[in-house]
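# Survey of secondary and tertiary structure
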Number of protein chains: 2
Amino acid sequence: MLTETVRVREVELYKAAAGLFNKRGYSATSIRQICRTIGIRESSLYHYIRSKEDLLLNICEKAMNVLLGAIEPIAKADLRSDLKLKKMIDVHFAMIAKNSNEHYTMIKELRSLSPANRLRVTHLRDRYGDLFRKTIEDCVHEKLFRSLDVKMTAFALLGMMNSSIRWYSPVGPVESGNIAKIFSDLFFNGVRK
Amino acid sequence: MLTETVRVREVELYKAAAGLFNKRGYSATSIRQICRTIGIRESSLYHYIRSKEDLLLNICEKAMNVLLGAIEPIAKADLRSDLKLKKMIDVHFAMIAKNSNEHYTMIKELRSLSPANRLRVTHLRDRYGDLFRKTIEDCVHEKLFRSLDVKMTAFALLGMMNSSIRWYSPVGPVESGNIAKIFSDLFFNGVRK
C-alpha cells in the first residue's frame, strides 16, 4: 500500500517538474516551486530524487525511452519500408502529444545537463535518429524513394518533426494526427502540383 | 579616426560575444570573459553597451535584420513565386553560413531575454516567417503548388531550415549551398521515386 502511494507521488512529481521546466525553464524553476505544486515538503522530495539535475536527467531519459519503445518495434516490423516510415512519423506525433512537457523539456533543456548526463541523453537521441535514417536508407535501396542524401534527408525529416516544438500545443487547434498527416504528405510528395 | 576605432571595437565586441554565447551559452558567459577575449577593460565595455542583455538583444535583432534585409527584396521581386521561394531558401542558408554564431545565438537564447525584449525579436521572426508563408500562398494561388495547408507548410519549411542549427558547422563537410539545394529539392519534390 505504501509502495503504491510512493509510486503515485513519484509520477506526480515528474509530471509537475516537466510542466514547470517546459513552461518556465529549468534554471528558473526551484525545487521549492515543484514541492509546492504537488504539496510535498522539500525534505520528503529527497526520498525520490537526489537533486534537481537528477530530476531533469530522468525526465529527458524517460522522454526518449518512451519514444524509442514506441518506434523501435515499428522500425523492426515486417512491413514495406515506406509504410513503416509513415507509421513512425504518425506514432512520433502521437507520443509527443501525450508527453509534450517531457519531450519539449528534453529538447530545450538538454544543455542544462552536465556533459556526462547530456551524453546519456544524446546517445538515446542518436539511436532514435538512426531508426529514421536506417528506414530512409531501406526506402532508397528498395527503390521506393529516389536516390538521395540519406543523412541530410533524415536531418530534414527530424528537423521538420522537432520544429513543432515552436508552435504545437496539445490544446491548440491542430490535432496531432493531422500534423503527422500533413508532414508525412509533404515529406513523401513535396509541394509541387 | 577615434570614431573608426570605436566602430571596429564594437564589431569585435559583438563578434566575440556571439561566439561565446553560441559556444558556451548566454548565462554561462560572463562580461569578464567577453572583455578578455577582445582585450578590453570592463569599464571600457560600458562605452558600447549598457548590459549583457543589451548585447544579446542587439545580436538577436541584428541577426534577424540581416536575414530580413536579404530576403525581403527577393520576396518582393518580380519573379515567378516558386523560383522566388527557391532563391529565398538559398539566400537563407548563405546568410546563416556567414553569421552562424549570431543566428544560432538568436535561436537558442531568445528565452534568455526579458519578455519585452523577447517580443522585439519574435516580432522580427514573425515578419520573416510571413515572407515565406506569403510566397507559399502565392505558389498555391498560381497553381505552382498543389492545394495545401499554407500555414503548416510554412512551419514545416522553416522548421526544416532552422533544424540545421543542430548539426551545421561553417567548417563542417557539407557546404551551405549544398544544404540549400538538398532541402529545396526535398521540399519541392518530396522523396518518392
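A quick note: this is a predicted structure, and the numbers were derived from the prediction, not measured.

## Describing the overall build of chain A
When its secondary structure is counted, chain A shows nine helices and zero strands. Ordering the α and β elements of chain A from the N terminus gives α-α-α-α-α-α-α-α-α. The principal-axis extent of the C-alpha atoms belonging to chain A is close to 60 × 35 × 35 Å. Every one of the 193 residues in chain A was classed for burial, and the buried ones make up 32%. The long-range fraction of contacts in chain A, counting pairs at least 24 apart against all pairs at least 6 apart in sequence, stands at 68%.

## Quick look at the interface of chain A and chain B
At the interface, 29 residues of chain A touch 29 residues of chain B. Of all the secondary structure elements, the ones that give two or more residues to the side of chain A that touches chain B are helix 8 (150-162) and helix 9 (176-189) of chain A. Sorting elements by how many residues they give to the side of chain A that touches chain B places helix 8 of chain A first, with eight residues. Among the residues making up the side of chain A that touches chain B, the classes are represented as 15 nonpolar, eight polar and six charged.

## Looking at helix 7 (residues 115-141) of chain A
Since the α-helix packs 3.6 residues into each turn, any two residues three or four apart lie on the same face. All names here are of chain A. If you check helix 7, its first and last C-alpha atoms are 37 Å apart, about what 27 residues at 1.5 Å a residue would give, namely 39 Å. Those residues of helix 7 that fall on the buried side of the exposure criterion are V121, L131, F132, T135, I136 and C139. Tucked inside the fold, the buried residues of helix 7 contact helix 4 (52-75), helix 5 (81-98), helix 6 (100-109) and helix 8. Following helix 7 by one or two positions, K143 has its phi on the positive side, about 60°.

## Observations concerning the confidence of the model for chain A
Per-residue pLDDT for chain A has a mean of 91; in total, 95% of the residues score no lower than 70. For this predicted complex, the interface confidence comes out at an ipTM of 0.85, alongside a pTM of 0.88.

## Quick look at unusual backbone geometry
Notably, K143 of chain A is not glycine yet its phi reads approximately 60°, a positive angle. Residue placement: K143 of chain A occurs in the loop between helix 7 and helix 8.

## A short note on the relation of the copies chain A and chain B
The second copy of the chain is related to the first by a rotation about an axis and a shift along the axis. When chain A is fitted to chain B, the residual RMSD is 0.0 Å, and the transformation amounts to a turn of 180° plus an axial shift of 0.0 Å. Considering both components of the superposition, the chain copies are consistent with a two-fold axis. Measuring from the rotation axis to each C-alpha of chain A, the shortest distance belongs to G190 of chain A, at 1.9 Å. The share of interface residues of chain A whose copies in chain B are also at the interface is 100%, consistent with both copies meeting through the same surface.

## Observations concerning the environment of E61 of chain A
Residue and element names in this part refer to chain A. Position of E61 among the secondary structure elements: in helix 4. Assessed through the 16 C-beta atoms surrounding it within 10 Å, E61 is described here as partly exposed. In this structure the C-alpha to C-alpha distance between E61 and R125, which are 64 residues apart in sequence, comes to 9.4 Å. Among all residues touching E61, those that are not within four sequence positions of it are R120, V121 and L124.

About the thresholds
Residues numbered from 1 in each chain as written. Chains lettered and ligands numbered in written order. Predicted model: local features only at pLDDT ≥ 70, side-chain atom pairs only at ≥ 80, totals over all residues. Helix = DSSP H or I, 4+ residues; strand = E, 2+ residues; numbered from the N terminus. Buried ≥ 20, exposed ≤ 12 C-beta atoms within 10 Å, placed from the backbone. Contact = placed C-beta atoms within 7 Å. Nonpolar A, V, L, I, M, F, W, Y, C, P; charged D, E, K, R; others polar. Expected span 1.5 Å × (residues − 1). pLDDT = per-residue confidence, 0-100. Least-squares fit on C-alpha atoms with pLDDT ≥ 70 in both.

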